[in-house]
Amino acid sequence: MVKSFAESLFAQVVLATVLGLGAGLFFPFLADDVGWMTALFMRLIIMAVGPLLFCIVTLGILGAGSLKTVGRLGGCAMLYFELMTTVALVVAVMVAMGLGIGQGVGFVPTASDARMIASYGGHAQNLRAKGFSGFLLSLVPHTPADAFAQGNVLQILVFAILVGCCLSGMGDRGLPLVRLIESVSDLFSRMMGLIIHVAPLGVFGAMVTTTARYGLGTIGHLAGFTVLYFLLVSAFVVCALGGGLRLAGVNPLRFTRYFREELLIVATTTASDAVLPSLMTKLEKLGVERQVVGIVVPAGYSLNLDALSIYLGLAIIFLANATGTHLTFWQIATLLVTALITSKGAHGIPGFAIVVLAATLASVPSIPPGSLVMLLAVDWFVGIARAVGNFAGNCVAPVLIAAWEKRLDHARMAEALKQP
């Protein structure tokens, strides 16, 4: 039993949450002494996430191919990705606003909270100071090294997109660089896998600090946020993705059973990288043409993040309400557009959603960035639904696009889904 606990990161996070809750309630004076735990966890993520993001986005573009190579199929995939993620984001914002999620928390982040979150990147204050032109200029780093040094997610994204597009047109001359980027991506993926084992420490510190400062009331709001997120992701998977499969003539329950091993792995690790090869192989066995799988799945891992969009929509409104920040229509619109940009490339990496959210909030600085400390306390649990929802979206997307393009073998799929 002890060995099982030592190997279960989920069990360790649960224990850290319970202990942090108790320590915050009965020993609130510990809050000042454990803040370093959360800061350490976040710094470790920041250290690895910039290079990893660059590699993921670059390789995603290379996997999708150039527009000339992808043609109609690639355009259809991109249209589908943007449509689904936009709908998920807008629906989440509307639900959050309708329920008033986060109201009554009265969270006031401290200076240490702000300093802890400040390095999460994506500083887009030029949008407020210099308008839209300032925002556009802020997307381009002075040097590539500057973007990585500052941890500026938006600038790293722009640089990665340019590198990916240029490499895709270099042919064989770019292969050494491609192999290097693949190796660097593997290196930082492994590093993130090691870093995430420090999550219990970060969760404990965040839970102690939040509970000691705001009591059980805040914990109740965070629990409500987590439950609502699980419900919204479940509704999206059942209604939107399940409905799409039915329209394509596929049984959703049998389709889910077909990917049950991969779903279990994603749910327990909150990451989907390990099941990518298995996903592509199984889709081909289902009768989805290899060309569709080769283009849609790698691109979808970076661009088709429905559950992350739902998370960003809920989190934006939750933090605004929790801090008493009134958002105008244009501020909400700005946040939504920024969220659609910053979410690209954030596929199933534990802890990365906080980075993306920090970059999104930077476009409307009136929401205190230090308020992100609240969500860090429950991010691991939220990450389960986020990873599963994103993976489900990328299981369904190739099937729907193949059906639309008449590149799906329905007879072969029906036969494969009958297998136990």
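For the structure, check the block above.
Computed from a prediction, not measured in an experiment: that's the story for all the values here. Note that residues are indexed from 1 along each chain, following the sequence as it is written. In view of the model being predicted, local features appear only for residues whose pLDDT reaches at least 70, and side-chain atom pairs are presented and counted only at 80 or more, with totals across whole chains, interfaces and linings using the full set of residues. Calculation of side-chain values draws on the structure's entire complement of heavy atoms; hydrogens and water are dropped beforehand.

Draft legend 1. Up close: the packing of helix 15 (residues 290-303) against helix 20 (residues 379-404). Only C-alpha atoms enter the line fits that serve as axes; for helices the fit covers just the stretch in contact. Angles between N-to-C directions range over 0 to 180 degrees. Helix numbering and strand numbering both begin at the N terminus, where a helix is a DSSP run of H or I of at least 4 residues and a strand a DSSP run of E of at least 2. The N-to-C vectors of helix 15 and helix 20 enclose an angle of 145 degrees; their axes lie 9 Å apart at closest approach. In the crossing of helix 15 with helix 20, the sense of the turn from one axis to the other is right-handed. Taken together, the residues of helix 20 that come into contact with helix 15 (itself represented by V292, V296, V297, G300 and Y301) are F391, N394, A397, P398, I401 and A402. Any residue outside Ala, Val, Leu, Ile, Met, Phe, Trp, Tyr, Cys, Pro, Asp, Glu, Lys and Arg is labelled polar, Gly included; the first ten of those are nonpolar and the last four are charged. Considering only residue class, the contact of helix 15 with helix 20 consists of nine nonpolar, two polar and no charged. Should the near helix be turned anticlockwise from the far one by less than a right angle, the crossing is termed left-handed; should it be turned clockwise, right-handed. What makes two residues a contact is simply this: any of their non-hydrogen atoms within 4.5 Å.

Draft legend 2. Layout of helix 15. Over its 14 residues, helix 15 runs 19 Å from end to end, which matches the ideal 20 Å to within 8%, given 1.5 Å per residue. The cut-offs for exposure are 20% and 50% of the maximum accessible area for each residue type, with area from a 1.4 Å probe on protein chains only; residues under the lower value are buried, those over the upper are exposed, and the others partly exposed. For helix 15, the buried fraction is high: ten of the 14 residues fall into the buried class. Listing the buried residues of helix 15 in full gives V292, V293, I295, V296, V297, P298, A299, G300, Y301 and S302. Any helix carries an expected span of 1.5 Å times its number of residues minus one.

Draft legend 3. Representation of the environment of G100 within the structure. Tracing the sequence through the fold places G100 in the loop between helix 4 (67-99) and helix 5 (111-118). Relative accessible area serves as the criterion here: at 12%, G100 is assigned to the buried category. Counting along the chain gives 222 residues from G100 to A322, while the straight-line C-alpha distance between them is 9.8 Å.

Draft legend 4. Focus on the side chain of S309. Within the fold, S309 resides in helix 16 (residues 306-322). If we skip the residues at most four places from it in the chain, S309 touches T85, A88 and L89.

Draft legend 5. View of the packing of aromatic side chains. Each pair of aromatic rings taken from Phe, Tyr and Trp, with Trp reduced to its six-membered ring, is defined by centres within 6.5 Å and is described as stacked if the planes are under 30 degrees apart, edge-to-face if over 60, and tilted in the remaining cases. Inspection of every chain in the model, using the stated rule, returns nine aromatic pairs. With a centroid separation of 5.9 Å and an interplanar angle of 80 degrees, the aromatic rings of Y229 and Y311 are classed as edge-to-face. Residue Y229 is located in helix 11 (residues 199-247), and its partner Y311 is located in helix 16; the two are separated by 82 residues in the primary sequence. Accessibility expressed as a relative area gives 1% for Y311, which makes it buried.

Draft legend 6. Inspection of the nonpolar core at higher detail. One finds Y311 and L357 to be the most contacted residues of the largest nonpolar core, which totals 85 residues. Residue contributions to this core peak at 13 residues, all from helix 16. Beyond its immediate sequence surroundings of up to four residues, L357 is in contact with Y311, L312, A315, I316, L319, L372 and L375. Residues grouped as a nonpolar core are buried Ala, Val, Leu, Ile, Met, Phe, Trp, Tyr and Cys residues, joined through side-chain atoms within 4.5 Å. Grouped together as the second largest cluster of nonpolar side chains are 17 residues, F41, I45, V49 and I56 included.

Draft legend 7. Main features of a nonpolar patch on the surface. By definition, no residue in a patch forms a salt bridge, and every one has over 30% relative accessible area; like charges are joined within 9 Å, nonpolar side chains (Val, Leu, Ile, Met, Phe, Trp, Tyr) within 5 Å. Per-residue accessibility takes into account occlusion by the displayed protein chains alone, with areas from the Shrake-Rupley method and a 1.4 Å probe. We define a salt bridge as a contact between a side-chain nitrogen of Lys or Arg and a carboxyl oxygen of Asp or Glu at a distance within 4 Å. On the surface, L25, F26, F27 and F29 cluster together into a nonpolar patch covering about 460 Å² of accessible area. With respect to the helices and strands, F26 occurs in helix 2 (residues 9-26).

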